[in-house]
Amino acid sequence: MSTLTLIYAALFYAASAILVVGVVLRIVRYARIPVPLKIPTSPAPMTRGGVFWRMLREVSLFESLYRANKWIWLFGWMFHVALAVVLVRHVRYFTEPVWALVALVQPFGVYAGFAMLVGLAGLWARRFLVERIRYISTISDHLMLALMAAIGATGLAMKYLSHTDVVAAKAFMLGLMAFELQPLPADPLLLAHLALVAALMAVFPASKLLHAPGVFFSPTRNQVDDARPPVAAWTGE
Ligand code: HEM
């Protein structure tokens, strides 16, 4: 087995361990934080079923962002939906046989790759062009955007500029999961794509990308608005 394959295998095992353990520890921490006050953003649902629908609309349509800012919503939503399609398309590298839904998504995945970059570009431009946002932007905000843009760009470059051996790339990933290492093709673009992905996995638990699991723990979104019972409950009507 080549040194390169061994290095990348070690890299992915380490990155996966950091991602899983890191995210689980974070979620445990979020779940244990006391929430002594009722602070749902109104108008808020008064039942648990209502909270479920509110949360579903929030994570699928980014409802509160839509109300707050149409431009950020447009680019943010575009980026996230495109990322989801790209990730579903990527499932084919980890499963054999490939699932029907994943096969169905393949043709759209390519457009999604471009849409992902357009979304990222819009979100990034805002950090330079909007004075207020530029002021609060930190180096890590820029680095996370750069990291994801670089992953998208190397992915699209493999698709359009210099093809990689996708069959061998898939064999490498399946081999990793079965703990039976298979050789990794030494294409610079694939090596860059995978190294950047491993970096993203490793920084995820310490990054702002934690808003993905974090949104479910947001008291302004996940609370039932029942601080005061409805009038009927205390008048006995
Ligand atoms: C270990 C995980 C990953 C592997 C093995 C992998 C592998 C690949 C390969 C082989 C291609 C070229 C596809 C082709 O030529 O048809 C590709 C494309 C691409 N990758 Fe990845 N990738 C991984 C993770 C990611 C992640 C996490 C993202 C996004 C954050 C991403 C974004 C893209 C994009 C946008 C493309 C171009 C569009 C497409 O072909 O779907 N990749 N990836």
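What counts, and at which threshold
- Numbers given for residues are sequential positions, taken from 1 along each chain in its written order.
- Totals for whole chains, interfaces and linings use all residues, but because this is a predicted model, local features are given only for residues with pLDDT of at least 70 and pairs of side-chain atoms are given and counted only at 80 or more.
- To obtain the side-chain values, all non-hydrogen atoms of the structure were included, while hydrogens and water were left out.
- With water omitted from the atoms examined, metal sites may look incomplete; donors here are N, O and S atoms no farther than 2.8 Å from the metal, or 3.2 Å in the case of Na, K and Ca.
- Irregular is the default label, applied whenever a site is not tetrahedral (four donors, all angles between 85 and 135 degrees) and neither square planar nor octahedral (four or six donors, opposite donors over 155 degrees apart, all other angles between 65 and 115).
- Note on conventions: DSSP H or I runs of at least 4 residues are helices, E runs of at least 2 residues are strands, and numbering of each starts at the N terminus.
- For every residue, the accessible area obtained with a 1.4 Å probe (protein chains only) is divided by the maximum for its type, and the residue is called buried under 20%, exposed over 50%, and partly exposed between those limits.
- Just to be clear on terms, a salt bridge is a Lys or Arg side-chain nitrogen sitting within 4 Å of an Asp or Glu carboxyl oxygen.
- In plain words, nonpolar cores are sets of buried Ala, Val, Leu, Ile, Met, Phe, Trp, Tyr and Cys residues tied together by side-chain atoms within 4.5 Å.
- Any pair of residues with heavy atoms lying within 4.5 Å of one another is described as a contacting pair.
- Only heavy atoms are used to decide nearness, and a residue is near a molecule or strand if one of them lies within 4 Å of it.
- Polar contact criterion, stated in full: a pair of N or O atoms within 3.5 Å, where within protein one must be able to donate a hydrogen and the other to accept it, and residues adjacent in sequence count only if both atoms are side-chain atoms.
- Note that Gly is not counted as nonpolar here; it falls among the polar residues with everything else outside the nonpolar set of Ala, Val, Leu, Ile, Met, Phe, Trp, Tyr, Cys and Pro and the charged set of Asp, Glu, Lys and Arg.
- Two aromatic rings, drawn from Phe, Tyr or Trp (for Trp, its six-membered ring), form a pair once their centres lie within 6.5 Å of each other, and the interplanar angle then sorts them: stacked below 30 degrees, edge-to-face above 60, tilted otherwise.
- Axis lines are fitted through C-alpha atoms, for helices just across the contact stretch, and the angle between N-to-C directions can take any value from 0 to 180 degrees.
- Angles below 35 degrees are treated as roughly parallel, those above 145 as roughly antiparallel, those between 65 and 115 as roughly perpendicular, and all remaining angles as oblique.
- Throughout, a crossing is termed right-handed when the near helix is turned clockwise from the far one, and left-handed when it is turned anticlockwise from it by less than a right angle.

1. Brief notes about the coordination of the iron atom of the ligand
Phase 1: Around the iron atom of the ligand, the protein supplies H90 (NE2) and H193 (NE2) as donor atoms, at distances of 2.0 Å.
Phase 2: Around the iron atom of the ligand sit 6 donor atoms, and with donor-metal-donor angles ranging over 86 to 178° the site reads as octahedral. Of this pair, H90 sits in helix α4 (residues 70–90) while H193 sits in helix α9 (residues 188–203), and the two are 103 residues apart along the sequence.
Phase 3: By relative accessible area, which is 27% here, H90 ends up partly exposed.
Phase 4: When its relative accessible area of 10% is taken as the criterion, H193 is described as buried.

2. Thoughts on the pattern of salt bridges
Pairing of side chains with opposite charge becomes possible as their charged atoms draw close.
Phase 1: Going through the model one piece at a time under the given rule, you end up with 8 salt bridges.
Phase 2: The salt bridge partner of R57 is E63, with a shortest N-O separation of 2.9 Å.
Phase 3: K208 is the partner of D141 in a salt bridge, and the nearest nitrogen-oxygen pair spans 2.8 Å. Of the two residues, D141 sits in helix α7 (residues 139–160) while K208 sits in the loop between α9 and α10 (211–214), which places them 67 residues apart along the sequence.
Phase 4: The class of D141 is buried, set by a relative accessible area of 9%.
Phase 5: Three or more residues joined by partner-sharing salt bridges are found here, namely R57, E63 and R67.

3. Focus: the nonpolar core
Phase 1: Counting residues in hydrophobic clusters, the biggest one holds 19 residues, and the most contacted among them are F79, L120, M148, L200 and L209.
Phase 2: Going through the elements one at a time, α4, α5 (100–129) and α7 are the ones with two or more residues in this core.
Phase 3: The element contributing the most residues to this core is α7, with 6 residues.
Phase 4: The residues contacting L120, other than those within four sequence positions of it, are F79, L145, M148 and A149.

4. Side note on the site of the ligand
Phase 1: The full set close to the ligand counts 23 residues, and R89, H90, Y93, M173 and H193 are the nearest of them.
Phase 2: A distance of 2.9 Å is found between a nitrogen atom of the ligand and a side-chain nitrogen or oxygen belonging to H193.
Phase 3: Breaking the shell around the ligand down by element, the ones donating at least two residues are α4, α5, α7, α8 (166–178) and α9.
Phase 4: Ranked by residues supplied to the shell around the ligand, first place goes to α7 with 6 residues.
Phase 5: Across the shell around the ligand, the residue classes tally to 14 nonpolar, 6 polar and 3 charged.

5. Digging into the packing of aromatic side chains
Phase 1: The final tally for this structure, using the stated rule, is 7 aromatic pairs.
Phase 2: Ring geometry for Y66 against W73: centres 5.0 Å apart, planes inclined by 80°, an arrangement best described as edge-to-face.
Phase 3: The class for Y66 is partly exposed, based on a relative accessible area of 39%.
Phase 4: Each ring, one from F114 and one from Y160, has its centre 5.5 Å from the other, and the planes form 40°; the classification is tilted. On the criterion of sequence distance, the pair formed by F114 in helix α5 and Y160 in helix α7 is long-range, its members being 46 residues apart.
Phase 5: Through a chain of ring-to-ring contacts, three or more aromatic side chains come together here, namely Y66, W73 and W77.

6. Structural notes on the packing of α5 against α7
Phase 1: For the pair α5 and α7, the least separation of the axes is 10 Å and the interaxial angle reads 155°. Here α7 runs roughly antiparallel to α5, going by the angle between their axes. As α5 runs across α7, the sense of the crossing is left-handed. Across the interface between the two elements, V110, G113, F114, M116, L117, L120, L123, W124, R127 and F128 of α5 pack against D141, H142, L145, A146, M148, A149, G152, A153, L156, K159 and Y160 of α7.
Phase 2: Class assignment for the residues of the contact of α5 with α7 results in 15 nonpolar, 3 polar and 3 charged.

7. Some details on the packing of α7 against α9
Phase 1: Packing of α7 against α9 brings their axes to within 9 Å, and their N-to-C directions diverge by 150°. Between α7 and α9, the crossing angle belongs to the class labelled roughly antiparallel. In this structure, α7 crosses over α9, and the sense of that crossing is left-handed. Counting all contacts with α7, which are made through M144, L147, M148, A150, I151, T154, G155, A157 and M158, the residues of α9 involved are L189, L190, A192, H193, L196, V197, A199, L200 and V203.
Phase 2: A breakdown of the residues in the contact of α7 with α9 according to their chemical character gives 15 nonpolar, 3 polar and no charged.

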